[in-house]
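Summary of the model geometry
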Amino acid sequence: MIKTLNVRTGSRCQMIDVTDEVQAAVREAGLVDGGALCYVPHTTAGVTIQENADPDVVHDILWKLGQLIPRDDSGFRHSEGNSDAHLKCSLIGMSQTVPVEGGRLVLGTWQGIYFCEFDGPRHRQLLVRCLAGSP
Amino acid sequence: MIKTLNVRTGSRCQMIDVTDEVQAAVREAGLVDGGALCYVPHTTAGVTIQENADPDVVHDILWKLGQLIPRDDSGFRHSEGNSDAHLKCSLIGMSQTVPVEGGRLVLGTWQGIYFCEFDGPRHRQLLVRCLAGSP
Amino acid sequence: MIKTLNVRTGSRCQMIDVTDEVQAAVREAGLVDGGALCYVPHTTAGVTIQENADPDVVHDILWKLGQLIPRDDSGFRHSEGNSDAHLKCSLIGMSQTVPVEGGRLVLGTWQGIYFCEFDGPRHRQLLVRCLAGSP
């Protein structure tokens, strides 16, 4: 069973904490021990794990990424004007697997799972697929 | 069972759509529900998921990566002259896991799986390992 | 069962080869065929696969990353002064899955698994979770 989470983003670049929703999907799937595959079925959005304490961390990540990969780079050919978002997505990644033990996501103290929007605002999805642990 | 796909690249930097080959490997393995681990056993090539509609997207990704990480940076020490390729590979990633449901890769509408060559042309491999879904 | 590896890093930015420790964890878990999920429960460290032959490769990766994402960028807001480390970690990635066959990690000839410290020196952990292969 794949659980589809709906994510509504509100700006062009945004990182949204979806940890609770992923945890709920794992609980619903009944996984005890294994891995939670978080997968983004888009080409201008990604998923990563980051600090959920100080919101300045998320700000700094998005700001520096935008400085390295500006939207209006004159070398881009893609006519939709969102090549920056495609590259950011491949750098951040669109699939992350988080260990699960005793039905709980095994995250570090400061870790949260973040949906990363790079070309919003849009209605987006995050897929959660539970993978079996070895016996 | 691990399925080995052979990929022949034709230039130094190139992204090749291998979606059909990965789907065939999943079918051959008989996986119904779970995940398809796509793994690159090289250190100057990677694998990502990207848009398969407009080839300009792939062009822009490779072009901008090359601008950020030029081959002939004078600070590089590695004598083979391909340190740029090593870094690109670690940024793009060498392992991606795609959800599988009902025997099919669950990809977004515009998504394709791309083998990413950063130091070709070469004969390369992509490994596909099917992972079991939780019951 | 999740196996926790303890990693002691010795400088601010460092890549440490943990291949042998991950292989031992896979052996201990008794996994024959499947995948070894390597997961970093931190937000300023990551894990990647890279060349284990010439140490200049690791030098060049860390050097170039530091050039692209300098620690003291005046645009950073996060008061701990390690926003560079947070971004590097999300770019390199904190979860990698390596195929396992016959009880052995399936790595390419020149590949090693590297714990990537971006804000050390610290006592760190790497989690290894074995995932079941499909039958």
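Rules used in this analysis
Residues numbered from 1 in each chain as written. Chains lettered and ligands numbered in written order. Predicted model: local features only at pLDDT ≥ 70, side-chain atom pairs only at ≥ 80, totals over all residues. Heavy atoms only, no water. Buried < 20%, exposed > 50% of the residue type's maximum accessible area, 1.4 Å probe, protein only. Helix = DSSP H or I, 4+ residues; strand = E, 2+ residues; numbered from the N terminus. Pairing = 2+ DSSP bridges. Contact = heavy atoms within 4.5 Å. Buried area = accessible area lost by both parts, 1.4 Å probe. Salt bridge = Lys/Arg side-chain N within 4 Å of Asp/Glu carboxyl O. Polar contact = N/O pair within 3.5 Å; in protein donor to acceptor, adjacent residues only side chain to side chain. Nonpolar A, V, L, I, M, F, W, Y, C, P; charged D, E, K, R; others polar. Phe/Tyr/Trp six-rings, centres within 6.5 Å; stacked < 30°, edge-to-face > 60°. 1 Å grid on protein atoms, 1.4 Å probe; cavity = no way out; pocket = protein on both sides within 12 Å on 5 of 7 lines; lining within 4 Å. Points joined across faces, edges and corners; volume = space filled by probe spheres on them. Least-squares fit on C-alpha atoms with pLDDT ≥ 70 in both. Disulfide = S-S within 2.5 Å. Axes fitted to C-alpha atoms, helices over the stretch in contact; angles between N-to-C directions.

Residues and elements named next belong to chain C. Burial analysis of helix α3 (residues 83–92) places ten of its ten residues in the buried class, the great majority of the element. Buried within α3 are the following residues: Ser83, Asp84, Ala85, His86, Leu87, Lys88, Cys89, Ser90, Leu91 and Ile92. Directly after α3, the chain includes Gly93, whose backbone phi takes a positive value near 105°.

Bringing the sheet that holds strand β8 (residues 123–132) of chain C into the picture now. Residue and element names in this part refer to chain C. Strand order in the open sheet made by the five strands is β1-β8-β3-β5-β6, with antiparallel pairing throughout. If you trace the sheet from one side to the other, it starts and ends with β1 (2–8) and β6 (104–105), each paired once. Bridge count for strand β3 (residues 34–39) against strand β5 (residues 95–101) is six bridges, and the pairing is antiparallel. Looking at β5, one finds that Gly35 is bridged to Pro99.

Our focus in this paragraph is the interface of chain B and chain C. At the junction of the two partners, chain B supplies 31 residues and chain C supplies 36 residues. Taking both sides of the interface into account, the surface hidden between chain B and chain C amounts to around 2,700 Å²; carbon and sulfur atoms contribute 58%. Asp73(B) is the partner of Lys64(C) in a salt bridge, and the nearest nitrogen-oxygen pair spans 2.6 Å. If you look at where chain B meets chain C, you find 17 residue pairs in polar contact (both at pLDDT 80 or more). Those elements that place two or more of their residues in the side of chain B that touches chain C are β3 (34–39), α3 (83–92) and β8 (123–132) of chain B. Classifying every residue of the side of chain B that touches chain C gives 19 nonpolar, nine polar and three charged.

A few words on the packing of aromatic side chains. Think of a pair of aromatic rings as described by two things: how far the centres are apart, and how the planes are tilted against each other in angle. In the structure shown here, the tally under the stated rule is three aromatic pairs over all chains. Consider the rings of Phe76(A) and Trp63(B), whose centres lie 5.7 Å apart with planes at 75°: the pair is edge-to-face. Here the residue Phe76(A) occupies a position in the loop between α2 (55–68) and α3 (83–92), and Trp63(B) occupies one in helix α2 (residues 55–68), the pair thus bridging two chains.

This part covers empty space enclosed by the protein. All told, the structure shown has two cavities of 30 Å³ or more when counted by the stated rule. Quantified by volume, the largest cavity comes out at close to 200 Å³. Surrounding the largest cavity, 22 residues form its lining, Ser95(A), Gln96(A), Ser95(B), Gln96(B) and Ser95(C) being those nearest its centre. Breaking the lining of the largest cavity down by element, the ones donating at least two residues are α3 and β5 (95–101) of chain A, α3 and β5 (95–101) of chain B together with α3 and β5 of chain C. A class-by-class count of the residues in the lining of the largest cavity yields eight nonpolar, 14 polar and no charged. Along the walls of the second largest cavity sit Leu65(A), Leu68(A), Ile69(A), Leu91(A), Leu65(B), Leu68(B), Ile69(B), Leu91(B), Leu65(C), Leu68(C), Ile69(C) and Leu91(C), which together make up its complete lining. Going through the elements one at a time, α2 of chain A, α2 of chain B together with α2 (55–68) of chain C are the ones with two or more residues in the lining of the second largest cavity.

In this section: the relation of the copies chain B and chain C. What relates the two chain copies is a rotation about an axis together with a slide along it. Between chain B and chain C, which share one sequence, the superposing operator has a rotation angle of 120° and an axial displacement of 0.0 Å; the RMSD is 0.0 Å. Taken together, the rotation and translation describe the operation of a three-fold axis. Take the interface residues of chain B: only 13% of them recur as interface residues in chain C, which is what a contact between different surfaces looks like.

With that settled, consider the interface of chain C and chain A. Opposite the 32 residues of chain C that make contact, chain A presents 36 residues. Between chain C and chain A lies a buried interface of about 2,700 Å² when both sides are counted; carbon and sulfur atoms form 58% of it. If you look at where chain C meets chain A, you find one salt bridge. Of all the secondary-structure elements, those providing two or more residues to the side of chain C that touches chain A are β3, α3 and β8 of chain C. Here the side of chain C that touches chain A gets six residues from one element, more than from any other, and that element is α3(C). Split by residue class, the side of chain C that touches chain A holds 20 nonpolar, nine polar and three charged.

So, about the state of the cysteines. Scanning the model with the defined rule gives zero disulfides over all chains in all. With no disulfide of its own, Cys89(C) has Cys116(C) as its nearest cysteine by sulfur position, at a separation of 9.4 Å.

Time to look at the environment of Gly133(B). By secondary structure assignment, the location of Gly133(B) is in the segment after β8. Sequence separation of Gly133(B) and Cys13(B) is 120 residues, and the distance between their C-alpha atoms is 35 Å.

Turning next to the sheet that holds strand β4 (residues 45–51) of chain A. All names here are of chain A. With respect to topology, three strands assemble into an open sheet ordered β2-β7-β4, the strand pairing being antiparallel. What marks the edges here is a single partner per strand, and that holds for β2 (14–17) and β4. Here the strands of the sheet are splayed against their neighbours by 35° on average, with no regard to which way each runs. Relative to strand β7 (residues 111–117), β4 is paired through seven bridges, and the arrangement is antiparallel. Within β7, the residue paired with Thr48 across the bridge is Tyr114.

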